[in-house]
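Single-letter residue listing:
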Amino acid sequence: SEATHQYLQLRGMGKAKTFHQAAARNSNVVIELLGDRPLRDYSTVDAGSVRDTLIKRGLSILSVKRTFITIRAIFNLAIAEHGLDMRNPFASIFMPEGDSKKRVSIPVETIREIQQSCYEIDDDMRWLVALISDTGMRLAEAAGLHVDDLHLDEEIPYVNIRPHPWRSLKTKGSQRQVPLVGASLWAAQRIKQTASSCFAFDRYTDNKQCRANSASNALNKWMQTNFRDDIVIHGFRHALRDRLRAVQCPSEMIDQIGGWATAGVGQSYGEGYDLKSTFQQLLKI
């Protein structure tokens, strides 16, 4: 419990509430099953028993792996910070292969059908879907926007994706400007025209938090009921990458548009592509 407290103090600075909740929840799994002991008193046999118990409870292998990632990180930080002469008992635990569902990249024809339905229904939930559809934003990035993040009076309209007190960003590279085209531009215009608060989506966002999980559940249900039962809102993000590849957009520019981490030191040099360049590529799709 002390190691978890230190982990949240050091690694949790500036992180979203969900990060803190996940760390506490995963740490409590160990405490519940093995007791709150000094770190040295846990063994690899103990770690294996945690794995086995979670699998017996019906958790997917992916969920068990995610739990262990957090527990390992808590141990690693405490070992490093306190100079403990011990191995991390959760570091090398074997995990069986699980059936992981690959997220489906939404086909272009389905995207067009969804966008057309968004135009017809024309409410805030459909604006959120449309905004994501041609920008590839993460759901929390879009749902947690401030109205002033939408810049529509510029030569090239764009959305400024930046951290807010109620919604952090996944990585430093997630902070970016993405041109608005197609359905995303329409959605941004509708949000600006009808805004009754400073939040682009006050159904899901307030001064304290952005409830992206609630948005995800509602939007996934709508899309799966009306279009395809194997798609989710995150599929637009996968689709954007495929759509940009199809028009021979440079991979570094794709990473910049989507806020994906780039590999290698070289990509961190320079200022990246300007708004006009990314705008031209997004127009092609």
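Right above here is the structure, for reference.
Report follows, based on the coordinates. Position numbers for residues start from 1 in each chain and track the written sequence from start to end. Local features in a predicted model are, by the rule used here, given only for residues with pLDDT of at least 70; side-chain atom pairs are given and counted only at 80 or more, and totals for whole chains, interfaces and linings are based on all residues. As a convention, hydrogens and water are excluded, and side-chain values are obtained from all of the structure's heavy atoms.

### A word on the overall build of the protein chain
Cut-off, in case you're wondering: Only DSSP runs of H or I with at least four residues qualify as helices, and only runs of E with at least two residues qualify as strands; both kinds are numbered from the N terminus onward. Three exposure classes are used, based on accessible area relative to the maximum for each residue type with a 1.4 Å probe and protein chains only: buried under 20%, partly exposed in between, and exposed over 50%. In this analysis, two residues are considered to be in contact whenever any of their non-hydrogen atoms come within 4.5 Å of each other. Only the protein chains shown count as cover for residues, and all accessible areas are computed by the Shrake-Rupley method using a 1.4 Å probe. The convention is simple: Lys and Arg are positive, Asp and Glu are negative, and His and the chain ends are not counted. The atoms used to mark charge sites are NZ of Lys, CZ of Arg, CG of Asp and CD of Glu.
A count of helical and extended segments in the protein chain gives 12 helices and three strands. Among the 285 residues that make up the protein chain, the fraction classed as buried is 45%. In the protein chain, once contacts between residues fewer than 6 apart in sequence are set aside, the share between residues at least 24 apart is 63%. Put simply, the protein chain shows about 15500 Å² of open surface, and 48% of that area lies on carbon and sulfur atoms. Distance between charge centroids for the protein chain: 4 Å, based on 37 positive and 32 negative side chains.

### Details of the pattern of salt bridges
The condition is simple: When a carboxyl oxygen of Asp or Glu lies within 4 Å of a side-chain nitrogen of Lys or Arg, that pair is called a salt bridge.
The full count for this structure, using the stated rule, is 14 salt bridges. Put simply, Arg126 and Asp123 hold a salt bridge, and the shortest N to O gap is 2.7 Å. Residue Asp149 is joined to Arg162 by a salt bridge in which the shortest nitrogen-to-oxygen separation is 2.4 Å. With Asp149 in the loop between helix H7 (139–143) and strand S1 (150–151) and Arg162 in the loop between strand S2 (158–161) and strand S3 (176–179), the pair connects residues that are 13 residues apart, well separated along the chain. Under the relative-accessibility criterion, Arg162 is labelled partly exposed at 29%. Through salt bridges with shared partners, one network takes in Arg138, Glu141 and Arg176.

### A word on the packing of helix H5 (residues 108–121) against helix H6 (residues 124–133)
Put simply, the rule reads: Each axis is a line fitted through C-alpha atoms, and for a helix only the stretch in contact is used; angles between axes span 0 to 180 degrees, taken between their N-to-C directions. By the definition used in this description, the sense in which the near helix is turned from the far one sets the handedness, with an anticlockwise turn below a right angle giving left-handed and a clockwise turn giving right-handed. Side-chain classes follow a simple rule in which Ala, Val, Leu, Ile, Met, Phe, Trp, Tyr, Cys and Pro form the nonpolar group, Asp, Glu, Lys and Arg form the charged group, and the remainder, Gly included, forms the polar group.
The interhelical angle for the contact between H5 and H6, taken along N-to-C directions, is 145 degrees, at an axis separation of 9 Å. Where H5 crosses over H6, the two elements pack in a sense that is left-handed. On the side of H5, the interface is formed by Ile114, Gln115, Ser117, Cys118 and Ile121, while H6 contributes Arg126, Val129, Ala130 and Ser133. Considered class by class, the residues forming the contact of H5 with H6 number five nonpolar, three polar and one charged.

### Let's talk about helix H4 (residues 61–82)
Side chains that are three or four residues apart share a direction in an α-helix, a result of its 3.6 residues per turn. Definition in use: What a helix should span is 1.5 Å times the count of its residues minus one.
If you check H4, its first and last C-alpha atoms are 32 Å apart, about what 22 residues at 1.5 Å a residue would give, namely 32 Å. Ile61, Val64, Thr67, Phe68, Thr70, Ile71, Ala73, Ile74, Phe75, Leu77, Ala78 and Ile79 are the residues of H4 that are buried. Residues of H4 that are buried sit in contact with helix H1 (2–11), helix H2 (17–34) and helix H3 (44–56). Note on H4: the residue one or two positions beyond its end, Gly83, has a positive phi of about 60 degrees.

### Thoughts on the nonpolar core
Applicable threshold: Only buried residues count toward a nonpolar core, which is a set of Ala, Val, Leu, Ile, Met, Phe, Trp, Tyr and Cys residues joined through side-chain atoms within 4.5 Å.
In terms of nonpolar packing, the biggest core is built from 51 residues, with Leu128, Leu131 and Phe236 touching the most fellow members. The biggest single contributor to this core is H6, with seven residues. Filtering out sequence-adjacent residues up to four positions away, Leu128 remains in contact with Leu139, Ala142, Ala143, Phe201, Tyr204, Ala215 and Leu219. Residues Tyr7, Val64, Leu77 and Phe90 belong to the second largest nonpolar core, which totals 25 residues.

### Some thoughts on the sheet that holds S1
Selection criterion: Criterion used throughout: strands pair if DSSP finds at least two bridges between them.
Spatially, S1-S2-S3 is the arrangement adopted by the three strands of the open sheet, whose pairing is antiparallel. Only two strands of the sheet have a single neighbouring strand rather than two, namely S1 and S3. Here S2 runs beside S3; their pairing, made up of four bridges, is antiparallel. The partner of Val159 across the bridge, within S3, is Val178.

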